[in-house]
Amino acid sequence: MTARILDGKAIANNIREEIAVRVSAFRERFSTSPKLVAVLVGDDPASQVYVRNKEIACQKAGIQSDIHRLSGATTTEELLAVLDELNADPKVHGILVQLPLPDPIDTRLVLDRIDPRKDVDAFSPENVGLMLQGRPRFLPCTPHGVMQLLNRCKIAVQGKQVVVVGRSDIVGKPLVCLCMQKSGPGGPSNANATVTCCHSQTPDLGEITRRADILLVAIGKPNWINASMVKPGAVVIDIGINRIADRLVGDVDFDSVSQVASAITPVPGGVGPLTIAMLLENTLRAAEEQLSS
Ligand code: GUN
């Protein structure tokens with residue numbers, strides 16, 4: 001079997017076009033544009049690229065975007081003061097602090113300081129709680145991107161055995177939550193799965209992953225999942241981005257797994273572009289909520 005390649009880039013482009021149309025309507029209605037501010041601390045090269053890509057995507061969709069750059073020597077208190085200003089600025093609708101933050105900064109304290117109505121990453125306890133209870137304000141961008149990808153590729157989650165590999169707060173845990181809800185971004189067929197979560201301490205990982213109809217991998221280890229760990233015909237979504245020398249590779253060994261899976265996402269060009277599209281969605285929603293209330 002040779003797997004169908006799920007083209008995340010093309011799907012993200014469609015979503016971005018849809019959002020651009022909604023942003024135009026927003027501007028007509030409110031005579032202003034949605035605005036996102038990304039806070040970037042230090043000079044991590046990967047973070048610089050990610051934030052720049054987010055800025056370009058905003059501009060293309062008609063969303064205003066600023067990058068607030070701070071030196072790597074910034075203290076937690078200084079960063080909290082910046083967030084207080086952005087929280088209080090009615091022209092700023094969405095705020096994101098690019099992670100990882102330099103070591104001495106207290107990441108939890110910083111993320112908790114973002115006004116939940118402006119928390120377009122959906123990392124705050126309030127937004128995580130709302131998602132868990134099935135009444136989300138925003139969904140976290142990467143897990144939301146995965147659900148959109150499955151929905152738009154007409155791959156139903158309902159009734160399937162879904163195995164999530166990884167338990168991070170940003171990807172693994174929210175994916176478990178979204179797949180087991182009664183309804184998802186694409187309705188009931190985009191939810192209602194039976195979900196198993198594996199992680200770095202799971203014994204005999206392959207024995208569990210081989211049960212998956214849909215395998216969602218976010219373990220952060222290059223080429224961790226090989227063909228022997230995948231049931232023939234499974235759908236495999238690779239959420240890993242690992243830099244090896246100058247090349248990006250996923251958490252799934254694409255060459256071998258694409259021989260057994262029925263569908264697979266590439267890296268790059270799979271889930272990554274959807275993450276950015278969902279950030280635009282959240283920024284537009286944040287602006288709509290703030291200007292309508
Ligand atoms: N660093 C890696 N992924 C993310 C993300 O989704 N949001 C933020 N703010 N930082 C990240």
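Residues numbered from 1 in each chain as written. Predicted model: local features only at pLDDT ≥ 70, side-chain atom pairs only at ≥ 80, totals over all residues. Heavy atoms only, no water.

## Thoughts on the site of the ligand
(1) Moving on: Around the ligand, a shell composed of Leu-96, Val-97, Gln-98, Leu-99, Asp-121 and Phe-123 is seen.
(2) Moving on: In this structure, Val-97 approaches the ligand through a main-chain N or O atom, which is 2.8 Å from a nitrogen atom.
(3) Moving on: For the ligand, a nitrogen atom lies 2.7 Å from a polar atom in the side chain of Asp-121.
(4) Moving on: Protein contact buries 79% of the 280 Å² of open area that the ligand shows by itself. (Near = heavy atom within 4 Å. Polar contact = N/O pair within 3.5 Å; in protein donor to acceptor, adjacent residues only side chain to side chain. Areas by Shrake-Rupley, 256 points an atom, 1.4 Å probe, with all protein chains shown as cover.)

## Notes on the side chain of Asn-190
(1) Moving on: Relative to the assigned elements, Asn-190 resides in the loop between helix 7 (172-180) and strand 6 (194-198).
(2) Moving on: From its side chain, Asn-190 meets the backbone nitrogen of Gly-186 in a polar contact 2.9 Å long.
(3) Moving on: Other than its neighbours up to four places away in sequence, Asn-190 contacts Met-147, Leu-150, Asn-151, Val-157, Leu-178, Gly-184 and Pro-185. (Helix = DSSP H or I, 4+ residues; strand = E, 2+ residues; numbered from the N terminus. Contact = heavy atoms within 4.5 Å.)

## Quick word on the packing of aromatic side chains
(1) Moving on: Overall, the coordinates contain 1 aromatic pair when judged by the stated rule.
(2) Moving on: When the ring of Phe-26 is compared with that of Phe-30, the centres are 4.7 Å apart and the planes differ by 50 degrees; the resulting orientation is tilted. Highlighted residues: Phe-26 and Phe-30, both in helix 1 (residues 8-30), separated by 4 residues, approximately one helical turn.
(3) Moving on: If you follow Lys-221 out to its NZ or CZ, it ends over the ring of Trp-224, 4.8 Å from the centre. (Phe/Tyr/Trp six-rings, centres within 6.5 Å; stacked < 30°, edge-to-face > 60°. Lys NZ or Arg CZ within 6 Å of the ring centre and 35° of its normal.)

## Some points on the pattern of salt bridges
It is possible for side chains bearing opposite charge to pair when their charged atoms get close.
(1) Moving on: As enumerated under the stated definition, the model contains 13 salt bridges in all.
(2) Moving on: A salt bridge links Arg-152 to Glu-18, with the shortest nitrogen-to-oxygen separation between them at 2.9 Å. Taken together, the residues span a long stretch of sequence, with Arg-152 in helix 6 (residues 141-152) and Glu-18 in helix 1 at a distance of 134 residues.
(3) Moving on: Notably, a salt bridge pairs Arg-137 with Glu-289, separated by 3.5 Å at the nearest N-O pair. Residue Arg-137 is found in the loop between helix 5 (125-132) and helix 6, and its partner Glu-289 is found in helix 10 (residues 272-292); the two are separated by 152 residues along the sequence.
(4) Moving on: For Glu-289, a relative accessible area of 31% gives the class partly exposed.
(5) Moving on: A cluster of three or more residues bridged by salt bridges with shared partners is formed by Arg-22, Glu-281 and Arg-285. (Salt bridge = Lys/Arg side-chain N within 4 Å of Asp/Glu carboxyl O. Buried < 20%, exposed > 50% of the residue type's maximum accessible area, 1.4 Å probe, protein only.)

## Comments concerning the pairing of strand 8 (residues 235-238)
(1) Moving on: Residue alternation in strand 8 divides its side chains into two sets, Val-235 and Ile-237 and Val-236 and Asp-238, and both sets are buried.
(2) Moving on: Two elements, strand 7 (residues 214-217) and strand 8, share 4 bridges in a ladder whose sense is parallel. Residue Val-217 lies in a different strand from strand 8, and its bridge partner there is Asp-238.
(3) Moving on: Sheet analysis places strand 8 next to strand 11 (residues 263-264), joined by 2 bridges and oriented parallel. Pairing of Val-235 across the sheet is with Ala-263, part of strand 11. (Pairing = 2+ DSSP bridges.)

## Quick look at the side chain of Glu-281
(1) Moving on: Within the fold, Glu-281 resides in helix 10.
(2) Moving on: Judged by relative accessible area, Glu-281 falls into the buried class, the value being 9%.
(3) Moving on: Side-chain polar atoms of Glu-281 contact the side chain of Arg-285, separated by 2.8 Å.

## Here's the deal with the environment of Ile-208
(1) Moving on: Along the polypeptide, Ile-208 turns up in helix 8 (residues 205-209).
(2) Moving on: Of the residues examined, Ile-208 reaches a relative accessible area of 14% and is grouped as buried.
(3) Moving on: Separated by 45 residues in sequence, Ile-208 and Val-163 place their C-alpha atoms 7.6 Å apart.
(4) Moving on: Among residues more than four places away in sequence, those in contact with Ile-208 are Val-163, Thr-196, Cys-198 and Thr-202.

## Digging into the state of the cysteines
(1) Moving on: Across all of its chains, the model carries 0 disulfides by this definition.
(2) Moving on: As a non-bridged cysteine, Cys-58 has Cys-141 as the owner of its nearest cysteine sulfur, 11 Å distant. (Disulfide = S-S within 2.5 Å.)

## Section: the pairing of strand 5 (residues 161-165)
(1) Moving on: Burial analysis of strand 5 places 4 of its 5 residues in the buried class, which makes it a mostly covered element.
(2) Moving on: As paired elements, strand 5 and strand 6 share 5 bridges and run parallel to each other. Looking at the pairing, Val-165 lines up with Cys-198 of strand 6.

## Focus: the sheet that holds strand 1 (residues 4-5)
Strand pairing in a sheet relies on backbone hydrogen bonds, with the paired strands running either antiparallel or parallel.
(1) Moving on: The strand order across the open sheet formed by 6 strands is 1-11-8-7-5-6, and the pairing between neighbours is parallel. Looking at the sheet topology across the chains shown, the edges are occupied by strand 1 and strand 6.

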